[in-house]
Amino acid sequence: MKKIKNLCAVHRAIKTQIKGSTPEIAKQVGLSRSCFYKYIEGIENFGAEVAYSRTARCFSYQSPFELKLEINAEGMNQIYGGRNFLPSTKNGRKGFMFGISKEDDHLNLK
């Protein structure tokens, strides 16, 4: 659950354009600079375009991007990311998905 909270915190920092240097923003969300960048990389793997503006001193999405968290009864947390959620054959959603199972505390990119 901590990884999901961290992911949401990084997403919120980008979406609300929190001001500061990268280490300052990372500290505000409770992460190290390198860990903060790993979460940004994960968000970019969902199809987001993330950029840092030196003049504005903030991260921002370069195009509309939403992150949706879904927790189902089978004990798997699923996060869908992308600009559009279009139908697909497997789970009714098109986009990227990763999960954290109750048994192991690591991210599974599918």
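Going along each chain's sequence as written, the residues are numbered from 1 onward. Residues qualify for local features only when their pLDDT is at least 70, as the model is predicted, and side-chain atom pairs are given and counted only at 80 or more; totals for whole chains, interfaces and linings, by contrast, use all residues. Hydrogens and water molecules were not included; the side-chain quantities draw on all heavy atoms of the structure.

Undergrad: Any chance you could explain the packing of aromatic side chains here in plain terms?
TA: Aromatic ring pairs are defined here through the distance separating the ring centres and the angle between the ring planes. Between rings of Phe, Tyr and Trp, where Trp is taken as its six-membered ring, a pair exists when centres lie within 6.5 Å; planes separated by under 30 degrees are stacked, by over 60 edge-to-face, and by other angles tilted. One pass over the full model with this rule turns up 5 aromatic pairs. When the ring of Tyr37 is compared with that of Phe59, the centres are 6.2 Å apart and the planes differ by 75 degrees; the resulting orientation is edge-to-face. Linking Tyr37 in helix H3 (residues 33-45) with Phe59 in strand E2 (residues 58-61), this pair joins segments that are 22 residues apart in sequence. For Tyr37, a relative accessible area of 33% gives the class partly exposed. Three labels apply to residues, based on accessible area from a 1.4 Å probe with only protein chains included: buried if under 20% of the type maximum, exposed if over 50%, partly exposed otherwise in between. Residue class for Phe59 comes out buried when judged on its relative accessible area of 4%. Among the aromatic residues, ring-to-ring pairing joins Phe36, Tyr37, Tyr52 and Phe59 into one connected group. Each helix is a run of H or I in the DSSP string that is no shorter than four residues. Each strand is a run of E no shorter than two, and both are numbered from the N terminus.

Undergrad: Would you take a moment to explain the environment of Gly47 for this structure?
TA: Position of Gly47 among the secondary structure elements: in the loop between H3 and strand E1 (50-53). Among the residues examined, Gly47 registers a relative accessible area of 28% and is labelled partly exposed. The spatial distance from the C-alpha of Gly47 to the C-alpha of Phe65 is 8.4 Å, given a sequence separation of 18 residues.

Undergrad: What is the right way to look at the packing of helix H1 (residues 2-15) against H3 in this model?
TA: Axis angle and axis distance: for two packed helices, these are the angle between their axes and the distance between the axes, and together they describe the pair. Axis separation between H1 and H3 bottoms out at 10 Å; the angle between their running directions is 80 degrees. With respect to their mutual orientation, H1 and H3 come out roughly perpendicular. In this structure, H1 contributes Lys3, Asn6, Leu7, Val10, His11 and Ile14 to the contact, and H3 contributes Phe36, Tyr39, Ile40 and Ile43. Class assignment for the residues of the contact of H1 with H3 results in 7 nonpolar, 2 polar and 1 charged. Angular values range over 0 to 180 degrees, each being the angle between N-to-C directions of two axes fitted as lines to C-alpha atoms, with helices fitted over their stretch in contact. The scheme is simple: roughly parallel for angles under 35 degrees, roughly antiparallel for over 145, roughly perpendicular for 65 to 115, oblique for anything else. Note on contacts: a residue pair qualifies if any of its non-hydrogen atoms lie within 4.5 Å across the two residues. When residue character is reported, Ala, Val, Leu, Ile, Met, Phe, Trp, Tyr, Cys and Pro are called nonpolar, Asp, Glu, Lys and Arg charged, and the others, Gly included, polar.

Undergrad: What am I meant to see in the side chain of His11 here?
TA: Tracing the sequence through the fold places His11 in helix H1. Overall, the relative accessible area of 10% leaves His11 in the buried class. Discounting residues that sit within four places of it in the chain, His11 has contacts with Ile43, Tyr61, Phe65 and Leu67.

Undergrad: How should I be thinking about the pairing of E2 in this particular structure?
TA: Consecutive side chains along a regular strand alternate between the two faces of the sheet. Going residue by residue along E2, you find Cys58 and Ser60 tucked away on one face and Phe59 and Tyr61 tucked away on the opposite face as well. In this structure, E1 lies alongside E2, joined through 4 bridges in antiparallel fashion. Residue pairing across strands places Ser53 opposite Cys58, the latter belonging to E2. When DSSP finds two or more bridges between two strands, those strands count as paired. Joining the antiparallel neighbours E1 and E2 is a turn of 4 residues, in which Arg57 adopts a positive phi near 55 degrees.

Undergrad: For this particular structure, what's the right way to read unusual backbone geometry?
TA: Excluding glycine, residues mostly carry a negative phi; peptide bonds, for their part, are mostly trans. The phi dihedral of Gln17 falls on the positive side, at around 55 degrees, and the residue is not glycine. Along the chain, Gln17 falls in the loop between H1 and helix H2 (22-28).

Undergrad: Is there a simple way to explain the nonpolar core in this structure?
TA: If you look at soluble globular proteins, the nonpolar side chains tend to sit buried side by side. Within the largest apolar cluster, 20 residues are counted, with the highest numbers of intra-cluster contacts made by Val10, Ile14, Phe36, Ile43 and Val50. At the level of elements, H1, H2, H3 and E2 are the ones that each hand at least two residues to this core. By residue number, the principal contributor to this core is H1, which donates 5 residues. Beyond its immediate chain neighbours, meaning those up to four positions away, Val50 contacts Ile14, Ile40, Ile43, Glu44, Phe59, Ser60 and Tyr61. Side-chain atoms within 4.5 Å link the members of a nonpolar core, which is a set of buried Ala, Val, Leu, Ile, Met, Phe, Trp, Tyr and Cys residues.

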